[in-house]
Each structure stands twice: as structure tokens, then as C-alpha cells.
Amino acid sequence: MAHRIKYLLAFLLLALISRVGAQEYDERHHEGDTAEVARESEAFDPGTFILEHIGDAYEWHILTVNGHHVSVPLPVIVYSTHPEHEGLHVFMSNKFHHGEHHGFRIAHDGNNKGKIVEQAADGSFVRPAVDISITKNVLALFVSVIIILSVFLSVAKRYKAHPDKAPAGLQGLMEPLILFVRDDIARPAIGHKYMRFMPYLLTIFFFILINNLTGLIPVFPFGANVTGNIAITLVLALLTFIITLGNSNRNYWIHIFNTPGVPWWLKIPLPLIPFIEFVGMLIKPFVLMVRLFANITAGHIIAIGFFSLIFIFGAKSAVMGYGMSIVSVTFTIFMTVLELLVAFIQAYVFTLLSALYFGSAVEEHHHKE
Amino acid sequence: MQLVSPDIGLLFWMLVSFLTVLFLLRKFAWKPILNMLHRREESIEQALKAADRAREDMYKMKADNEKILVEARQERDRIFREAQDLKEKILADAREQSKKEQMRIMEETKTLIQTEKNNAVKEIRALSADLSVRIAEKLLRRELRNDQQQKTLVEEMSNELNLN
């Protein structure tokens, strides 16, 4: 009971602090000149707010204090074929605060909104030939890569230093997960050839899990929407697809082009079933890609959506904003707990489905028909 | 639409970092970890098997011990019973022996007594015959001290003869 009261007090305190912040915002809001009011009320658009959060950026926005943005500038790496500034350009993204830099600028609207563009000969703005800037998501990716490497290299070191000993510490935390991937995903889905796929399955499992989890921590350098980005899930799904094809045996292709157990007239002269099977083979990785992307992005959208509610209601009335903050924080806590579950489930599902695809690729012929 | 169109830069970095992670972890983490796990599982399995065997051995030994104990108990009982039997037999034998001896002695005594009695009877008979002869002699002498008496006797005897 005492615990609960303490939590409640902490919660109220937090709500009060957030309220004070909102009040300051309101005061500025009212005392400022009309132009500023117009700009700021225009500034809060939940749609843009949410999309900005779940999307990528050339700088990492941390917070806004008195209308001044505090953000970490990130390196921009672009290669341009533009005659005026052809070649490789590397500079920090805060150069864009003054608008254009070396002919590059960040588009504010259009198809390339938020991306680096340059002016083409015909006057339109186009993307430079190569843009491999270290964006917010790339940095978040590097951070989680460092976490993954340090965790598992240290765990591996412990295994080497203390073989045949009961696991302890970080090793004790990771071992059940490693065994889970091995005994509950790889072995049942693939069969006796599972050992070949273990490094990849373990890597995607922990890569997705850790990126999902770091995405839930709302402080720099975490909280980016890495596994909710289509490029990330595309690479993961593509690798699963390539490994499936690379390990596929004769039987796998027979299953696709001459599916056993199907009447012949479904295959000749119109290859209906082979067509469906072939499309299915391509759809599988596509679905993998979309599922992870959609699940994680949805989680982020909901969390940000709840916070947006505070500002939407706060703009109408201070009391409503105050009331809404309690509801929003409660719901966000609930959603975060749910997202913890989703983080694990999505890592599990992606790994399990990859394992199933590998399993179907290496399966030996055993049909009696 | 930007949300679902993959960014080439991010794609590039993702591919590079993921493949690096995959390569590094495969070589330096997953292989040693999986090998160690496999080794540990094997050693645990062996230890369990050894424990099972030891337990079986222990049960067998326990059963053996029990068997030995039972056998020893039986042996003891047997020896005890044998001793008992032997004792009884010895006692019975001794009793028999003494009875026989007794009988023999009794028999001997009886025979001796019989012999002695016979001797005594014989002696008494001889003595009594002798005594009778002597008494008869004395009587005769007294009876036939005078002629008168001798005459009477003869008469008597002749009378007796006549009567017959």
C-alpha cells in the first residue's frame, strides 16, 4: 500500500512539473506578438509531429527550450553529380540552420520533404546522386550495434573464460534467450540442419529485439524508430530471402513449380498453382518486412499520439491539458508495457518465420503421393 | 509515402552495419557460445548418466548387502539350530547311554544276586541235609539206645508193612 501511495505522489509531481512547463508555454504564447502566436499555433500539428518523430532526420532533436531547438547535429555525407559542386561533400547538419550549404538544402515540402536536395539544371529540386548521411536512424543503428556487440562479445568471453560453469550476470540473462532461439525457434522449424542458420537467426533476433527496446527509451541516443523504418526491415527481410534461396534444395523448387498433391490440370496448361507458389515465395519476405515495420511504427505513433493529446487539449484550455496529461501518461505507461511485449513478440515472429522459410528450403523429400 | 519508401542512405548503412554485426558475432560470439552450450549440455548429460549409474550401483550394492545380511541371518539361524539339535542329540545320547549302563549294571547285579542266591540255596540245602542226617543220627541213636525200643520200632514198621 505504501508503495502505491509513493508511486501516486511521484506521478502527481510529474504531472505538476509538466503542467508548469505547459503554463510557461501558455504565458509565452499569450505575451508574444501575433506573428509568433500564429507560427507556434501552426507549429503544433499532431500529424507532422508524429511523422517527424517516426521518420528520419539529419539532426537529432532532443528538446525545445523557449522556442529554441536543442538538437545534436549529425554528419551529412553526399556525393553530387551537379556540375557546380560535383564530388563528395561531408559536413555537419547544423550548417543547414543558415539555409543552403554548398548548394544543398533540406526540402520543406514536396516528395523529398525533410531530405537533402540540390537544384537541378531545370530549376527543380532533386536528390543528390548519393546520400549516405549519418542520419538519426543511422546513429541509433550504430548505438544499438555497439550495444549488441559489447553485450555478446562480453558474454562470449565469459563462456570462454568459465566453460562448464553455471551462467552468471549478463550471461545468465542472455543464455535463456539464446537457448530459446535454438530450442524453440530453430530446432523445431528447421530440423537437424538448424546449426547452419543459428548465427543468422540469433543475430536477427537480438538485432530486432535490442532495436525495438532502444526505440522505447525516450532519451538520446535512444528512442529512434529504427525497426519501424522500412529500409531496416527491407534489409532484414531481403537477407532472409537471400539465405532461403541460397540454401534451397531441389525439393524446394519442385514444391514451387511442380507442387506435389495437386491435380495436373492446375499446373498444365495454365500454371495456376506454380504461379501462386512463386508469388507466395516473393510475398513471404515482403510480409516479413511490412509486419515488423508496421508493428513498431504503430507503437511509436500511439505513444506520440497520446502525448499530442496533451497539447491539443492544452491549447483549448489549461485545465483540460492538465487533466489530459494524467490520462496520457497513464495510457503511455500502459502502451509502453504493451510495446515491451510487442518488441519481444516481433523479434520472435521475425526469427520464427525466417526459420520456417529456411526449414522449407532445406526440407528433404518425404511426400508419399 | 515517404514513410514506406526506403531511404538509400539508411539502406546502405543498415546493410553495412548488419553484415558487420553478423560477421563479428558469428565468429566471436555465436560459435563459441553455441559450442560451449553444447559442451556443457553434454557434460551435464554425462554427469546425469553417471549419477544414474552410481545410483543403480548403490541400489545393487544395497540389495547385495541385504542379501548378504539375510544369508548371514539364515546361516546364524542354521548354526544355532544345528547347535540346538546337537545339544539335544548329545543329551539324548547321554541319557540313552546312562540308561543302558544302568540296565547293564542292573542286569549284572541281578545275575550276581541270582548266582549268589543259588549258591546260598545250594549251601543251605547241603547244610540242611547234613543237619538232617546228623539229627536223624542223633534221633536214631536215642531211639535205639535199648532193645525194647528197637523192637517196638521193628514192630511198628512191620505193622505198617502189613497194613499195606
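Residues numbered from 1 in each chain as written. Chains lettered and ligands numbered in written order. Predicted model: local features only at pLDDT ≥ 70, side-chain atom pairs only at ≥ 80, totals over all residues. Heavy atoms only, no water.

Enquirer: Any chance you could explain the domain arrangement of chain A here in plain terms?
Expert: Along its sequence, chain A is carved into domain 1 (69–131) and domain 2 (136–362). Just the C-alpha atoms count here: the centres of domain 1 of chain A and domain 2 of chain A sit 33 Å apart. (Domains from an automatic or database assignment.)

Enquirer: What should I look at first to understand the nonpolar core in this one?
Expert: Nonpolar side chains in soluble globular proteins generally cluster together in the buried interior. Residues Phe-152, Ile-178, Ile-190 and Leu-236 of chain A are the most contacted members of the largest nonpolar core, which totals 74 residues. Within the residue set of this core, elements represented by two or more residues are α4 (136–161), α5 (169–190), α6 (198–216), α7 (230–246), α9 (272–316) and α10 (318–362) of chain A together with α1 (8–143) of chain B. The element best represented in this core is α1 of chain B, accounting for 13 residues. Discounting residues that sit within four places of it in the chain, Phe-152 of chain A has contacts with Met-174, Ile-178, Phe-206 and Ile-210 of chain A together with Leu-25, Ala-29, Trp-30 and Ile-33 of chain B. (Core = buried A, V, L, I, M, F, W, Y, C linked by side-chain atoms within 4.5 Å. Buried < 20%, exposed > 50% of the residue type's maximum accessible area, 1.4 Å probe, protein only. Helix = DSSP H or I, 4+ residues; strand = E, 2+ residues; numbered from the N terminus. Contact = heavy atoms within 4.5 Å.)

Enquirer: What am I meant to see in the packing of α5 of chain A against α10 of chain A here?
Expert: Pairs of packed helices are described in terms of their axes, by the angle between the two and the distance that separates them. All names here are of chain A. It is the contact of α5 with α10, at a shortest axis distance of 8 Å, that shows an interaxial angle of 35 degrees. Here the hand of the crossing between α5 and α10 comes out right-handed. Here Leu-177, Phe-180, Val-181, Ile-185, Ala-189 and Ile-190 of α5 come into contact with α10, specifically with Phe-344, Tyr-348, Thr-351, Leu-352, Ala-355, Leu-356, Phe-358, Gly-359 and Val-362. Residues belonging to the contact of α5 with α10 are distributed by class as follows: 13 nonpolar, two polar and no charged. (Axes fitted to C-alpha atoms, helices over the stretch in contact; angles between N-to-C directions. Left-handed = near helix turned anticlockwise from the far one by under 90°. Nonpolar A, V, L, I, M, F, W, Y, C, P; charged D, E, K, R; others polar.)

Enquirer: I keep staring at the interface of chain A and chain B and nothing clicks. Help me out?
Expert: Facing the 53 residues of chain A at the interface are 33 residues of chain B. Counting the surface lost from both chain A and chain B, the interface buries some 3900 Å², and carbon and sulfur atoms represent 78% of this. The tally of links between chain A and chain B comes to four salt bridges. The interface formed by chain A and chain B contains eight residue pairs in polar contact (both at pLDDT 80 or more). The greatest single-element share of the side of chain A that touches chain B, amounting to 13 residues, is contributed by α4 of chain A. Residue composition of the side of chain A that touches chain B, by class: 36 nonpolar, seven polar and 10 charged. (Buried area = accessible area lost by both parts, 1.4 Å probe. Salt bridge = Lys/Arg side-chain N within 4 Å of Asp/Glu carboxyl O. Polar contact = N/O pair within 3.5 Å; in protein donor to acceptor, adjacent residues only side chain to side chain.)

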